[in-house]
Amino acid sequence: MTTYDDRASLTDLTTTAERVRRSVEGVIEGKPEVVRLSLTVLLAEGHLLIEDVPGVGKTMLAKALARSIDCSVRRIQFTPDLLPSDITGVSIFDQQRRDFEFKPGAIFAQIVIGDEINRASPKTQSALLESMEERQVTIDGHTYELPDPFMVVATQNPVEMEGTYPLPEAQRDRFMARVSIGYPSPDAELQMLDVHGGLSPLDDLQPVAHAHDIVKLIDAVRTVHVADAVRRYAVELVGATRSHPDLRLGASPRATLHLLRAAKASAALSGRDYALPDDVQALATPVLAHRLLPTAQAQLNRRTAEQVVLEIIQRTPVPTSAGGTAPPVPGLHEPGRPLYNQQQPGARRL
């Protein structure tokens, strides 16, 4: 059961998240769904991959999210000559102490911005694997814990771009969600010319939340209830990717866990203490699509992973609440109500 203190925490969550959302949207105009997904990944203890063509604001979004929170931030510019030790750190022999001293790398921050991550070699990309999954770094037999909260926000250009390396499957699987910003609308682009024509809006961006606030909000998200039927629904969606004829690699069990965590964070952002199948559906594409590998025939037919996920959503039965006169079961979809971005009575929607 959700206690009164838990409900108060959810109220604080929506208030704090609203401040962060407004702060980020002051820099990224016309992309509210992208900002909401970024907040969802942050509160779900995940990592975000921003993939799009150059010049649409990938790095700007990552910086705006980082600067809106009063926490340690490090930025890594990935290049072909970047070494793994530049990310994780290195042990240096101290002549005076006659002992090795560990010099932490750029990964030792609460929010790490990896700019153009697919311009580095696969060896350097693999330096992030342990830190993203286990939130620790092992150097010369010693394990060092990373700060809390910890989030990697990486940007990458499409693999067709010159001088890029495709991310390995294990690397992609550690990102909770992938988002594409896309080109702005004409009105948003006109507003961007006014706002960004002089000084950068990042120069005046001030923190609107503290790191310890985010830790409390993450704890509040963990209390969100998920009904057994919703859990089974998430498992069925992910399981369907493993047997789909257009896919040669389906989603992993880690993807199921990420999908459930993201659904709980989305429910909390909507002011609910329980998750719905709507939350799972709305997040299935950004959470699953980047993990899937289409077959050669599907690629020839121009079938994308996003299209496959949407097809799976349409084919998978949605759990519904109990019929008759019984009260609705929290966390189950009620027949006759819309499935996407459902608004609960009295709930606050960001």
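Parameters and conventions
Residues numbered from 1 in each chain as written. Predicted model: local features only at pLDDT ≥ 70, side-chain atom pairs only at ≥ 80, totals over all residues. Heavy atoms only, no water. Helix = DSSP H or I, 4+ residues; strand = E, 2+ residues; numbered from the N terminus. Buried < 20%, exposed > 50% of the residue type's maximum accessible area, 1.4 Å probe, protein only. Contact = heavy atoms within 4.5 Å. Areas by Shrake-Rupley, 256 points an atom, 1.4 Å probe, with all protein chains shown as cover. Core = buried A, V, L, I, M, F, W, Y, C linked by side-chain atoms within 4.5 Å. pLDDT = per-residue confidence, 0-100. Axes fitted to C-alpha atoms, helices over the stretch in contact; angles between N-to-C directions. Parallel < 35°, antiparallel > 145°, perpendicular 65-115°, else oblique. Left-handed = near helix turned anticlockwise from the far one by under 90°. Nonpolar A, V, L, I, M, F, W, Y, C, P; charged D, E, K, R; others polar. Salt bridge = Lys/Arg side-chain N within 4 Å of Asp/Glu carboxyl O.

The subject of this paragraph is the overall build of the protein. Looking only at helices and strands, the protein has 14 helices and 13 strands in total. The buried share among the 350 residues of the protein stands at 51%. Excluding contacts between residues fewer than 6 apart, the proportion of contacts in the protein whose partners are at least 24 apart in sequence is 77%. Surface summary for the protein: the accessible area is close to 16800 Å², and the carbon and sulfur share equals 52%.

Within the secondary structure, Ser68 is located in the loop between helix H3 (58-67) and strand S2 (69-70). Since its relative accessible area comes to 0%, Ser68 is described here as buried. Apart from residues lying up to four places away in sequence, Ser68 is in contact with Val20, Ser23, Val24, Leu205, Gln206, Pro207, Val208 and Ala209.

What follows deals with the nonpolar core. Membership of the largest hydrophobic core comes to 74 residues, with the highest contact counts inside it found for Leu13, Val24, Leu48, Val280 and Leu288. Discounting chain neighbours no more than four positions away, the residues touching Val24 are Val35, Leu61, Ala64, Leu65 and Ser68. Within the second largest apolar cluster, 24 residues are counted, among which are Met132, Val137, Phe150 and Phe175.

When pLDDT is averaged along the protein, the result is 84; 86% of the residues meet or exceed 70. Predicted confidence for residues 334-350 stays below pLDDT 50, and this span has 44 contacts to residues more than four positions away or in other chains.

Helix H12 (residues 277-288) packs onto helix H10 (residues 228-241) with a crossing angle of 30 degrees between their chain directions and a minimal axis gap of 11 Å. Comparing the axis directions of H10 and H12 gives the class roughly parallel. In this structure, H10 crosses over H12, and the sense of that crossing is right-handed. Together, Val230, Tyr233, Ala234, Leu237 and Val238 of H10 and Pro277, Val280, Gln281 and Leu288 of H12 make up the contact between the two elements. Class assignment for the residues of the contact of H10 with H12 results in eight nonpolar, one polar and no charged.

Among the secondary structure elements, Leu247 is positioned in strand S12 (residues 247-249). Given a relative accessible area of 9%, Leu247 falls into the buried group. Separated by 61 residues in the primary sequence, Leu247 and Val308 place their C-alpha atoms 8.4 Å from one another. Not counting chain neighbours up to four residues away, the residues in contact with Leu247 comprise Thr241, Leu292, Leu293, Pro294, Thr295 and Val308.

Following Asp148, the chain continues into Pro149 via a peptide bond in cis, with omega recorded as 0 degrees. Positive phi outside glycine occurs at Glu116, with the angle close to 55 degrees. Position of Glu116 among the secondary structure elements: in the loop between strand S6 (111-115) and helix H5 (122-125). In this structure, Arg135 is a non-glycine residue whose phi angle is positive, near 55 degrees. If you trace the backbone, Arg135 turns up in the loop between helix H6 (129-134) and strand S7 (136-139).

When their charged atoms lie close together, side chains carrying opposite charge are able to pair. Within the structure shown, the criterion is met by 17 salt bridges. One salt bridge in this structure joins Arg21 and Glu25, with 2.7 Å as the shortest N-O distance. Note that Arg21 and Glu25 are positioned in helix H1 (residues 4-25) at a spacing of four residues, about one turn of the helix. Taking the shortest distance from any N to any O, the salt bridge between Arg222 and Asp219 comes out at 3.0 Å. With Arg222 and Asp219 both in helix H9 (residues 211-222) and three residues apart, this pair spans about one turn of that helix. By relative accessible area, Asp219 is classed as partly exposed at 37%.

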